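Geometric and topological summary
Take a look at the letters that make up each chain.
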Amino acid sequence: MASNSMDIDFKEYLLRCQLRGHEDDARGICICGNAGIATSSRDRTVKFWTLDESQKRNYTMSKILLGHTSFVGPLAWIPPNEDFPEGGIMSGGMDTLLFVWNLMTGEKVHTLKGHKLQVTGIALDGSDVVSSSVDCTLRRWRGSQQVEEWEAHKAAIQAVIKLPSGELVTGNDFIPSFINFTNYTVRGVAIMPNLGILSASHDGTIRLWALSGELLMEMAGHTSIVYSVDAHASGLIVSASEDCSAKIWKDGICVQSIEHPGCVWDAKFLENGDIVTACSDGIVRIWTIDHERTADTVDLDSFASQISQYKLSRKRVGGLKLEELPGLDSLKTPGSSDGQTKVVREGDNGVAYAWNMREQKWDKIGEVVDGPDDNMKSPVLNGVQYDHVFDVDIGDGEPIRKLPYNRSENPYDVADKWLLNENLPLSYRQQIVEFILQNTGQKDFTPDPLFRDPYTGSNAYVPGAPSKFPDASSAKPSYKHIPKRGMLAFDTAQFDGILKKISEFNSSLLSDPEKKHLSLSDSDMSRFNAIVKILKDTSHYHSSRFADVDVALMLQVLKTWPVALLFPVIDVVRMIVLHPDGAAKLMQHVKNQDDIVIEVIKKVTASPPLPANLLTCLRAVTNLFKNTCYYEWLLNHRAEVLDALSCCCSSSNKNVQLSYATLILNYAVLLIEKKDEEGQSQVLSAALEMAEGETVDSDSRFRAMVAIGSLMLEGLVRRVALDFDVLTIAKTAKSSKEAKIAEIGADIKLVAKQS
């Protein structure tokens, strides 16, 4: 590779190669000297890529590092030494753990446990390691031991680096020790050679700071959160953003914007000036200015096609997504006034029509194309253009409503019609009219004196007159779905199907000479029938009893049968813990050192886990919350249980997702009652991961968000949730077409506003 002193005269970066292998978002990048590139992902893996000797342009995957149970973020390179002849890699994840990997063997040599929430940054300080976390702490590690901990912020720490001088720099709401400013949430920091520190922010800017704390330069150009920033010895800067671009900066000016088919989580310079980017489509890409390393025409065309398809999926016309526009059938409905415009979807385009009152038909105007100044165009709602389309927050946990208005319309008439359409009380009318007048600059509006309220017969409300309604801001907040009270349970079962499956599995053991000794005798099977008979008779739960041999038999099967055959037996346990006597008898086998519940959890979560096992295990553990005798066990084993079952968040099985979300919600209720801040933080982290999951179904997302809202309202982690950018999650939820998702989003937004 070229030396650091090489001078790069800016030329346009082009695609060099694409590294495919991650199955979910590529999140982090680590340049490992001349050895290669390490990347982390939401797919819970770290992958190591080395230069393809046969084609110097490409990189090939040489190692996959497995061990994290949730998405992996920050990475750090350990240069070769006596312990790591070929170097090592450090990784941190949502699972709160840091792993140290030996690159020569691909083995995990150290597991560093201590952080209570997601690990966000890793920096080497001599032979020590310093890590940052959302739990607001920095921790110093020596070998596998934590030797120091300090709370550097009152908010989540998103990054940490070490300066050449030896000082540590961290980033969140401010950068301590030399920069102090507010309302600037830092997501990434990097060293700018010979100048100072670069910071990437939620506000879409990159800033360059002198070590004295002086702001030297601000670079604006991104339209969303900037997650990462890096600098090269040549003076070039690269930034990665949620706006689906990596931007290259020279002397404070954006000289190139590289589009990606998704959020760009990270960007790093190679020593030779090439750039590596990590994208939410799971692909890591390398970009170069060297034409000898540029991808061939086929690869360049393929990438151009990816960008084109991605843009098409997000195409907006008149401010709306193309896919949300009404079809041609909507033109069958007559317009309400001459010249009224409507935008409809025709193929892959939005086409504008105007209503011709004389001929009673829609006249085609032409194709609508969004331009760079599209925000200045008239807004569109349901395919119709208006002078204004307002977001109206009614409060009381209600979702945001859209209020369209044209300046030619009477605001009182608009308010009345809108309230009827939205099924809202007419008592809101005064406030809606005031809202319209204030936000359209009609301070001097004079109502028609002949106007009569069609509903009350009185004159129109006159702005400025005393309001008869109480100030909404003084009312106590009202929430629709939070806080959650009581525990949820899975209390229905297909007992005949369960018995049939146990009998079927038992027959398979009988027919296998090597496993015949594990099978149940006829008398054993009759005991299972007796257990089920008791469970079916719910009217006698207060007086029915299980024999000790019944519980012993069930535990024997759980311990000895092959893992793949356990799920119907676990399903029996799920129902037994809802029976007073059954729960008490099982408790005796949970208290001792030979904890059957933990043993079963470890078995069913071993790779590769079976969905049926995960489902029944999740539901069984969730049902433990219905009996207070298990509360102590649930609290003591909270971290172990949630860590082991965290894989269920990314399950493609909707029933598994829902069961996991229910477990999280029950834990939230219990930990709020017990005022356990550490436990609440872990549950919040798990719930946030589920609420953000792109493949999580709506019922599971709803329960996860109820957990978040409840923890924020009555728990001790409201500040932590805000640091996790929970408002973005709430905002997205409030715009959902599903009522309950929109409602819980409104709840969370409302509680976030409370002081």
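That block above? That's the structure.
Now for a description of the structure that goes with this document. (Residues numbered from 1 in each chain as written. Predicted model: local features only at pLDDT ≥ 70, side-chain atom pairs only at ≥ 80, totals over all residues. Heavy atoms only, no water.)

Let's talk about the overall build of the chain
Counting secondary structure elements, the chain contains 18 helices and 35 strands. Of all 755 residues assigned to the chain, the portion counted as buried reaches 53%. Within the chain, counting contacts between residues at least 6 apart in sequence, those at least 24 apart form 52% of the total. (Helix = DSSP H or I, 4+ residues; strand = E, 2+ residues; numbered from the N terminus. Buried < 20%, exposed > 50% of the residue type's maximum accessible area, 1.4 Å probe, protein only. Contact = heavy atoms within 4.5 Å.)

Observations regarding the pairing of strand β6 (residues 72–78)
For β6, the buried fraction is high: seven of the seven residues fall into the buried class. As defined by bridge partners, β6 adjoins strand β7 (residues 88–93) across five bridges and the pair is classed as antiparallel. Residue Ala76 lies in a different strand from β7, and its bridge partner there is Met90. (Pairing = 2+ DSSP bridges.)

Observations concerning the side chain of His579
Tracing the backbone through its elements, the reader meets His579 in the loop between α7 (567–576) and α8 (580–591). Relative accessible area serves as the criterion here: at 0%, His579 is assigned to the buried category. Looking at His579, its side chain comes within polar contact range of the side chain of Ser544, at 2.7 Å. When residues no more than four places from it in sequence are discounted, the contact partners of His579 are Ile534, Leu535, Tyr541, Ser544 and Phe546. (Polar contact = N/O pair within 3.5 Å; in protein donor to acceptor, adjacent residues only side chain to side chain.)

Observations concerning the packing of aromatic side chains
Applying the stated rule across the entire model yields six aromatic pairs. Geometrically, the ring pair formed by Phe99 and Trp101 is edge-to-face, given 5.7 Å between the ring centres and 90° between the ring planes. When the ring of Tyr227 is compared with that of Trp265, the centres are 4.5 Å apart and the planes differ by 40°; the resulting orientation is tilted. Of the two residues, Tyr227 sits in strand β20 (residues 226–231) while Trp265 sits in strand β24 (residues 264–269), which places them 38 residues apart along the sequence. For the pair formed by Tyr227 and Trp265, the shared burial category is buried. The lysine or arginine in question, Arg27, covers the ring of Phe71, its NZ or CZ lying 4.4 Å from the ring centre. Between the NZ or CZ atom of Lys108 and the centre of the ring of Phe99, over which it lies, the distance is 4.2 Å. (Phe/Tyr/Trp six-rings, centres within 6.5 Å; stacked < 30°, edge-to-face > 60°. Lys NZ or Arg CZ within 6 Å of the ring centre and 35° of its normal.)

What to know about the environment of Asn529
Inspection of the secondary structure puts Asn529 in helix α5 (residues 522–536). Spatially, the C-alpha atoms of Asn529 and Phe495 are 9.5 Å apart, while their sequence positions differ by 34 residues.

Remarks on the sheet that holds strand β22 (residues 245–250)
Read from one edge of the open sheet, four strands run β20-β21-β22-β23, paired in antiparallel fashion. The open sheet has two edge strands, β20 and β23 (253–259), and neither has a second partner. The sheet shows a mean angle of 20° between the axes of neighbouring strands, taken without regard to direction. Sheet analysis places strand β21 (residues 237–241) next to β22, joined by four bridges and oriented antiparallel. Residue pairing in the sheet places Ser239 in a bridge with Lys247 of β22. (Axes fitted to C-alpha atoms, helices over the stretch in contact; angles between N-to-C directions.)

Brief notes about the pairing of β23
Sheet analysis places β22 next to β23, joined by six bridges and oriented antiparallel. Bridge assignment links Ala246 to a residue of β23, and that residue is Ile258.

Concerning the sheet that holds strand β16 (residues 186–192)
With respect to topology, four strands assemble into an open sheet ordered β16-β17-β18-β19, the strand pairing being antiparallel. With one partner strand each, in any of the chains shown, β16 and β19 (215–220) form the two edges of the open sheet. Each strand axis lies, on average, 20° off the axis of its neighbour in the sheet, ignoring direction.

Section: the packing of helix α14 (residues 677–692) against helix α15 (residues 698–714)
Between α14 and α15, the shortest axis-to-axis distance is 8 Å and the interhelical angle comes to 145°. Between α14 and α15 lies a crossing of left-handed hand. Between α14 and α15, the contacting residues are Gln680, Val683, Leu684, Ala687, Leu688, Met690, Ala691 and Glu692 on the first element and Ser700, Arg701, Ala704, Met705, Ala707, Ile708 and Leu711 on the second. When the residues that make up the contact of α14 with α15 are grouped by side-chain class, the tally is eleven nonpolar, two polar and two charged. (Left-handed = near helix turned anticlockwise from the far one by under 90°. Nonpolar A, V, L, I, M, F, W, Y, C, P; charged D, E, K, R; others polar.)

Description of the nonpolar core
One finds Trp561 and Leu634 to be the most contacted residues of the largest nonpolar core, which totals 109 residues. Here Leu634 is in contact with Val621, Leu624, Phe625, Tyr667 and Leu670, once residues within four sequence places are set aside. One finds Val238, Trp287, Ala295 and Ile307 within the second-largest nonpolar core, a separate group that totals 17 residues. (Core = buried A, V, L, I, M, F, W, Y, C linked by side-chain atoms within 4.5 Å.)

Side note on the environment of Ile161
In this structure, Ile161 sits in strand β14 (residues 159–162). Given a relative accessible area of 15%, Ile161 falls into the buried group. Along the chain, Ile161 and Ile197 lie 36 residues apart, while their C-alpha atoms are 9.9 Å from each other.

Concerning helix α6 (residues 548–560)
For α6, which comprises 13 residues, the first-to-last C-alpha distance of 18 Å matches the rise-based estimate of 18 Å (1.5 Å per residue) to within 8%. Those residues of α6 that sit buried are Asp550, Val551, Leu553, Met554, Leu555, Val557 and Leu558. (Expected span 1.5 Å × (residues − 1).)

Some points on the packing of α6 against α7
Across the interface, α6 lies against α7 with an axial gap of 10 Å and an inter-helix angle of 140°. Regarding the angle of α6 to α7, the classification is oblique. As for the relative orientation of α6 and α7, their crossing is left-handed in sense. Within the contact between the two elements, α6 uses Met554, Val557 and Leu558 and α7 uses Val569, Ile570, Val572, Val573 and Ile576. Of the residues contributing to the contact of α6 with α7, the split by class is eight nonpolar, no polar and no charged. (Parallel < 35°, antiparallel > 145°, perpendicular 65-115°, else oblique.)

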